[in-house]
Amino acid sequence: MNLETARNMLALLDAGERFALVTIADTHGSSPRHAGASMIVRLDGSIIGTVGGGPMEASAIEQGLRTLETRRGHLMDYDLTNADSAGLGMICGGSGVLLIEHVDPVQAKTRELYERLFDLLDAGRTGWLVTFAPGEDRQVETMRTCLVDADGTVVGDPACPIEALQDLARRGGTSDRLLAGSSSSQTFIERVGARGTVYVFGAGHCGERLVPVLSMVGFSTVVVDDRAEFANRQRFPDADSIWVLDSFEGSLDRFLIDRQSFIVIITRGHLYDRSVLAQALRTDAGYIGMIGSKKKVADTLGSLAEMGFSPEDLARVHAPIGLPIGAETPEEIAVSIAAQLIEVRSGPRTRARRRS
């Protein structure tokens, strides 16, 4: 679940329109999208979002329309390892479970739940959607879904005892996987909220192309520049935050940078890049990347070495920034940077698979 999906859900609820929410609840092997990916199915059969496309998504839309007709949520198993038996004609090789819920605006708890979810996502906080779903019969009159905030606040229809939900928050949750199950019921848990904040230093052409891509793949984005004519809401409608500073000097002091922070340095000049890079290396940022030619990168890193930064410090820098896909245009550079950030966010195993 991302901010855009939550925004669209609230708009439909405001309009008094009920819809089906399809979410990938569990996956095994190679699936088109990760657990937590969601799609809205409207009464006219149109969709917002995607759970992977192809025959599987077509089947999910069909089941979403069935849910709208019966007003009963259910689970849908899919198996892409055996295309003939699954009837999907796909060869991805994975399997999993889709959670298909009936969302009705007449339910007061429903509106409150998704309002709080939107607020949580908009603020960049972390929480968990917990859903009590059917077991053997795969259908239930009303699925019970609640949102657990990281502070232990529970909103919606609690899927299990409040104490257990608050303990989930204390323990930091379990991301995108089956929490518990029996022959008669299953409880699914989905981590929602901040999946990394990207600080984009530089509001030029590359930054303008990059931010929408990052927003689409679930990053929170902060645009930083010293030019109001570039760093503004008209050019960056998708940015979560925009900062216009007097100078790039000391610019990172105003932000809380941690391991979930990604720093992208694409300013308009080498001296600005070097200034931001030197500041970034003094933080705990999980990713630091700087644009530039090999010569510019070498000169900048050499200058920082003379300032006292160690080889270990400089080894943290991804430069030239982005995956090496031969990117030249701002659009291509945006794709290469976004791909590298996704790779870093996904962890060491993803990088090892790409190298093998």
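To keep things clear, this report deals only with the structure shown in the data block. This is a predicted model, so every value here is computed, not measured. Per chain, the residues get numbers from 1 upward, laid out in the order the sequence is written. For a predicted model such as this one, the threshold for reporting local features is a pLDDT of at least 70, and the threshold for listing and counting side-chain atom pairs is 80 or more; totals across whole chains, interfaces and linings nevertheless cover every residue. Water and hydrogen atoms were dropped before computing side-chain values, which therefore reflect all heavy atoms in the structure.

**What to know about the packing of helix α1 (residues 3–14) against helix α4 (residues 108–122)**
When two helices pack together, their arrangement is given by the angle between the helix axes and the distance between those axes.
And then number 1: Only the contacting stretch of a helix is used when fitting its axis, a line to C-alpha atoms as for every element, and angles between N-to-C directions run 0 to 180 degrees. Elements are defined by DSSP. Helices are runs of H or I of four residues or more, strands are runs of E of two residues or more, and each kind is numbered from the N terminus. At a closest axis distance of 9 Å, the pairing of α1 and α4 adopts a crossing angle of 150 degrees. Every pair of crossing elements has a handedness; the one defined by α1 and α4 is left-handed. Across from L3, A6, R7, M9, L10, L13 and D14 in α1, the residues of α4 making contact are T110, R111, Y114, E115, F118, L121 and D122.
And then number 2: When the residues that make up the contact of α1 with α4 are grouped by side-chain class, the tally is eight nonpolar, one polar and five charged. Handedness of a helix crossing follows the sense of rotation of the near helix relative to the far helix, less than a right angle counterclockwise being left-handed and clockwise being right-handed. For this analysis, residues touch if any pair of their heavy atoms sits within 4.5 Å. When residues are sorted by character, Ala, Val, Leu, Ile, Met, Phe, Trp, Tyr, Cys and Pro go into the nonpolar class, Asp, Glu, Lys and Arg into the charged class, and all the rest, Gly among them, into the polar class.

**Points about the pairing of strand β1 (residues 19–28)**
And then number 1: In terms of burial, β1 is largely enclosed, as eight of its 10 residues are buried.
And then number 2: One requirement defines pairing of two strands: DSSP has to find at least two bridges between them. Summarising the sheet, β1 and strand β5 (residues 95–103) pair through nine bridges and their orientation is antiparallel. Within β5, the position partnered with I24 by the bridge is L98.
And then number 3: For β1 and strand β2 (residues 38–41), the ladder comprises four bridges, and the chain directions are antiparallel. Each residue of the ladder has a partner; that of V22, found in β2, is M39. We call a residue buried when its accessible area falls under 20% of the maximum for its residue type, exposed when it is over 50%, and partly exposed in between, using a 1.4 Å probe and counting protein chains only.

**Regarding unusual backbone geometry**
Among all residues except glycine, the phi angle is most often negative; among peptide bonds, the trans geometry is most common.
And then number 1: Residue A319 is joined to P320 through a cis peptide bond whose omega torsion reads -5 degrees.
And then number 2: Relative to the helices and strands, P320 is located in the loop between β17 (317–318) and α10 (330–346).
And then number 3: A positive phi angle is found at R71, which is not glycine, with a value near 60 degrees.
And then number 4: Among the secondary structure elements, R71 is positioned in the loop between α2 (54–70) and β4 (73–79).

**A look at the environment of G156**
And then number 1: Inspection of the secondary structure assignment puts G156 in strand β9 (residues 154–156).
And then number 2: For the pair G156 and R116, spaced 40 residues apart in the sequence, the C-alpha separation amounts to 9.3 Å.
And then number 3: With residues near it in sequence (within four places) discarded, G156 still touches K109, L113, T145 and C146.

**Concerning a negative patch on the surface**
And then number 1: A cluster of acidic residues, D119, D122, D238 and D240, forms a negative patch on the protein surface.
And then number 2: One can find D240 in the loop between β13 (220–225) and β14 (241–244).
And then number 3: Assessed through its relative accessible area of 31%, D240 is described here as partly exposed. A patch consists of residues whose relative accessible area exceeds 30% and which take part in no salt bridge; residues with like charges are grouped when within 9 Å of each other, and nonpolar side chains (Val, Leu, Ile, Met, Phe, Trp, Tyr) when within 5 Å. A 1.4 Å probe and the Shrake-Rupley method give the accessible areas. Residues count as covered only by the protein chains that appear here. One side-chain nitrogen of Lys or Arg within 4 Å of one carboxyl oxygen of Asp or Glu is enough to make a salt bridge. A positive count includes Lys and Arg, and a negative count includes Asp and Glu. His and the chain ends are not counted in either. By convention, charge coordinates are those of NZ in Lys, CZ in Arg, CG in Asp, or CD in Glu.

**Considerations on the packing of aromatic side chains**
And then number 1: When two rings of Phe, Tyr or Trp (its six-membered ring) have centres within 6.5 Å they constitute a pair, described as stacked for plane angles under 30 degrees, edge-to-face for angles over 60, and tilted for the intermediate range. Applying the stated rule across the entire model yields five aromatic pairs.
And then number 2: The interplanar angle of 85 degrees and the centroid separation of 5.2 Å between the aromatic rings of W243 and F255 together place this pair among those described as edge-to-face. Residue W243 is found in strand β14, and its partner F255 is found in the loop between β14 and β15 (261–265); the two are separated by 12 residues along the sequence.
And then number 3: Among the residues examined, W243 registers a relative accessible area of 31% and is labelled partly exposed.
And then number 4: According to the relative accessible area criterion, F255 is buried, its value standing at 11%.
And then number 5: Measuring from centroid to centroid gives 5.4 Å for F248 and Y272, while their planes differ by 55 degrees, and the two rings are tilted. In this pair, F248 is assigned in the loop between β14 and β15 and Y272 in helix α7 (residues 270–280), connecting sequence segments 24 residues apart.
And then number 6: Relative accessible area serves as the criterion here: at 2%, F248 is assigned to the buried category.
And then number 7: For Y272, a relative accessible area of 33% translates into the label partly exposed.
And then number 8: Members of the aromatic cluster, each reached through a chain of ring pairs, are Y199, W243 and F255.
And then number 9: Either the NZ atom of lysine or the CZ atom of arginine qualifies as a charge over a ring when it sits within 6 Å of the ring centre and within 35 degrees of the ring normal. Here R227 stacks its cationic end above the ring of F230, 3.9 Å away from the centre of that ring.

**As for the pairing of strand β8 (residues 144–149)**
And then number 1: Of all six residues making up β8, five are buried, and the element is well covered by its neighbours.
And then number 2: Inspection of the sheet shows β8 paired to β9 by three bridges, in the antiparallel sense. Paired with L147 across the two strands is V155, which belongs to β9.
And then number 3: Hairpin remark: β8 followed by β9, antiparallel, with four residues in the connecting loop; positive phi at G152, about 95 degrees.

**So, the packing of α7 against helix α8 (residues 294–306)**
And then number 1: Contact geometry of α7 with α8 gives a least axis separation of 11 Å together with a crossing angle of 50 degrees. When the interaxial angle is binned, α7 and α8 end up oblique. Considering only the axes of α7 and α8, their crossing is right-handed. Facing α7, whose interface residues are H270, D273, R274, L277 and A278, α8 presents K296, T300, L301, S303 and L304. Angles are sorted into four bins: roughly parallel if under 35 degrees, roughly antiparallel if over 145, roughly perpendicular if 65 to 115, and oblique for all others.

**What to know about the sheet that holds strand β16 (residues 287–290)**
Sheet strands pair by backbone hydrogen bonding; their relative direction is either parallel or antiparallel.
And then number 1: If you walk across this open sheet you meet the six strands as β14-β13-β12-β15-β16-β17, and the pairing is parallel. The open sheet terminates on both sides in strands that have one partner only, identified here as β14 and β17.
And then number 2: Of the pairings in the sheet, the one linking β13 to β14 comprises four bridges and is parallel in character. For V222, the partnering residue across the bridge sits in β14 and is S241.
And then number 3: This element, helix α6 (residues 205–216), spans β12 (197–201), β13 and β15 of the sheet and lies at about 175 degrees to β12.

Purely geometric numbers; function is a separate question.
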